[in-house]
Amino acid sequence: MCRLAAYLGEPLYLEELIAKPRHSLLRQSLHADLAKVATHGDGFGIGWYGERDEPGVYREALPAWNDENLVALAQTLRSRLFFAHVRAATAGASARANCHPFRHGRHLFMHNGQIGGYAELRRALEARLPDDLYAERRGGTDSELIFLLTIARLRDGAAPDAALLAVIAEITALMHERGVEAPLRCTAVLSDGRTLWALRAASDGKPPTLHLRRCAGGTIVASEPLCDDSRGWQALPPGALVTISADGCRIDAGRETALAA
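Owing to the predicted nature of the structure, the values given are computational and were not obtained by experimental measurement.

Undergrad: I'd like a rundown of the packing of aromatic side chains, residues and numbers included.
TA: If you walk through the whole model with that rule in mind, you get three aromatic pairs. When the ring of F44 is compared with that of Y58, the centres are 5.9 Å apart and the planes differ by 55°; the resulting orientation is tilted. Residue F44 is located in strand 2 (residues 44-48), and its partner Y58 is located in strand 3 (residues 56-60); the two are separated by 14 residues in the primary sequence. Overall, the relative accessible area of 1% leaves F44 in the buried class. Seen in terms of ring centroids, F109 and F147 are 5.3 Å apart; in terms of plane orientation they differ by 5°. Their pairing is stacked.

Pasting the structure below:
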């Protein structure tokens, strides 16, 4: 399982989330409290929005704690919207192409979890990609595949939250069709540079953890609270879909029913 964090609000330096807090993402890469594995050393990545529509990304297959460039970037990168991710691989080798976040045009995406029976389902799911998006696939992870399937729905006119939910439901339906008993478990974060959507869902009702905190200057979503004092952090329930924008934060629940259908 992976650990992730995302922020939208008044511009701040990346280190305020991934380095300075006592339970920062860098610390979680060595010792996560709420994950099945404590160490997340199979690569990392950050993504941020600046003055252009398309975001910047920096990804590396090294463990996050072993890259001095990450600390330097975190001290100097200031953004109103950014993603950060440390990886513990469940599908795909430890390679830069498999590190999050993934980028396509103005969209960023990162994910924690797995598709049950992914090796069995991969070919059928990849066949559902348009040719040009299949050609853009660089790694072998289920996470990148979820993202590209979501992009395909966006291009067909779906709203981002609806597109992501539809892809997760589509994959779950295929798992049922193929008799896959292993669950789909997912926390996913998607952004178009203006709005951020975060989903916590699973086909068995046991998704990876996801927490939310509203601060004076913005809103954070993270796999784990970023400080030892968990006050102010809200544990999101299974099935929650969070929409964060300049207009505020909305939490919709009950998405597990759609997955189980």
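After that view of the structure, there is still more to cover.
Undergrad: Tell me about the pairing of strand 1 (residues 3-13), and please be specific about residues and values.
TA: Two strands pair when backbone bridges link them, and strand 1 and strand 4 (residues 78-86) are joined in this way by eight bridges, in the antiparallel orientation. Bridge pairing in strand 4 links Y7 to F82. Of the pairings in the sheet, the one linking strand 1 to strand 10 (residues 218-222) comprises five bridges and is antiparallel in character. In the strand pairing of strand 10, Y7 is matched with I220.

Undergrad: Which residues make up the sheet that holds strand 5 (residues 102-104), and what values do they have?
TA: Taken in spatial order, the six strands line up as 5-6-7-8-12-13 in an open sheet, and their pairing is antiparallel. Single-partner strands in this sheet number two, and they are strand 5 and strand 13 (248-252). Direction aside, neighbouring strands of the sheet carry axes that sit 15° apart on average. Relative to strand 7 (residues 185-191), strand 6 (residues 107-114) runs antiparallel, the two being bridged by seven bridges. Each residue of the ladder has a partner; that of G113, found in strand 7, is C186. Packing of helix 6 (residues 142-155) onto the sheet brings it into contact with strand 5, strand 6 and strand 7, and relative to strand 6 it is tilted by some 135°. The strands touched by helix 7 (residues 160-178) are strand 6, strand 7, strand 8 (196-202) and strand 12 (241-245); relative to strand 8, the strand with the most contacts, the crossing angle is about 20°.

Undergrad: Mind laying out the packing of helix 6 against helix 7, listing which residues take part and the relevant values?
TA: The relative placement of two packed helices is expressed as an angle between their axes plus a distance between the axes. Direction vectors running N to C along helix 6 and helix 7 enclose 125°, while the axes themselves pass 9 Å from each other. Judged on the interaxial angle alone, helix 7 and helix 6 are oblique. When you trace helix 6 past helix 7, the crossing you get is right-handed. Along its contact with helix 6, which presents I146, L149, T150, R153 and L154, the element helix 7 presents P160, A163, L164, A166, V167, I168, E170 and I171. Of the residues that constitute the contact of helix 6 with helix 7, the class distribution is 10 nonpolar, one polar and two charged.

Undergrad: Outline the nonpolar core, listing residues and values.
TA: Counting residues in each nonpolar core, the largest one holds 34 residues, and the members touching the most others are F109, I115, L125, I146 and I171. When contributions to this core are tallied by element, the ones reaching two or more residues are helix 4 (118-126), helix 6, helix 7, strand 7 and strand 8. Residues in contact with I115, not counting those within four places in the same chain, are L121, L125, D142, I146, I171, M175, P183 and L184. Counting 21 residues, the second largest nonpolar core, distinct from the first, contains L25, F44, Y58 and A74.

Undergrad: Let's hear about the environment of A84: which residues, and what values?
TA: Positionally, A84 belongs in strand 4. If near-sequence neighbours (up to four positions away) are discounted, A84 is found in contact with R3, L4, A5, I18, L25, G45, I46 and M110.

Undergrad: Lay out the sheet that holds strand 3 with the relevant residues and their values.
TA: Spatially, 3-2-4-1-10-9-11 is the arrangement adopted by the seven strands of the open sheet, whose pairing is antiparallel. What marks the edges here is a single partner per strand, and that holds for strand 3 and strand 11 (234-235).

Undergrad: Please give an account of helix 7 that cites residues and values.
TA: The end-to-end C-alpha distance of helix 7, which contains 19 residues, comes to 27 Å, matching closely the 27 Å that a straight helix rising 1.5 Å per residue would cover. All of the buried residues in helix 7 are P160, D161, A163, L164, L165, V167, I168, E170, I171, T172, L174 and M175. Of the residues one or two after helix 7, G179 is the one with positive phi, at around 75°.

Undergrad: Could you give an account of unusual backbone geometry, naming the residues involved and the relevant values?
TA: A cis amide bond links H100 to the next residue, P101, at an omega of -5°. Among the structural elements, P101 can be located in the loop between strand 4 and strand 5.

Cut-offs and rules
- Residues numbered from 1 in each chain as written.
- Predicted model: local features only at pLDDT ≥ 70, side-chain atom pairs only at ≥ 80, totals over all residues.
- Heavy atoms only, no water.
- Phe/Tyr/Trp six-rings, centres within 6.5 Å; stacked < 30°, edge-to-face > 60°.
- Helix = DSSP H or I, 4+ residues; strand = E, 2+ residues; numbered from the N terminus.
- Buried < 20%, exposed > 50% of the residue type's maximum accessible area, 1.4 Å probe, protein only.
- Pairing = 2+ DSSP bridges.
- Axes fitted to C-alpha atoms, helices over the stretch in contact; angles between N-to-C directions.
- Contact = heavy atoms within 4.5 Å.
- Parallel < 35°, antiparallel > 145°, perpendicular 65-115°, else oblique.
- Left-handed = near helix turned anticlockwise from the far one by under 90°.
- Nonpolar A, V, L, I, M, F, W, Y, C, P; charged D, E, K, R; others polar.
- Core = buried A, V, L, I, M, F, W, Y, C linked by side-chain atoms within 4.5 Å.
- Expected span 1.5 Å × (residues − 1).

Scope: geometric values only; no functional claims are made or implied.
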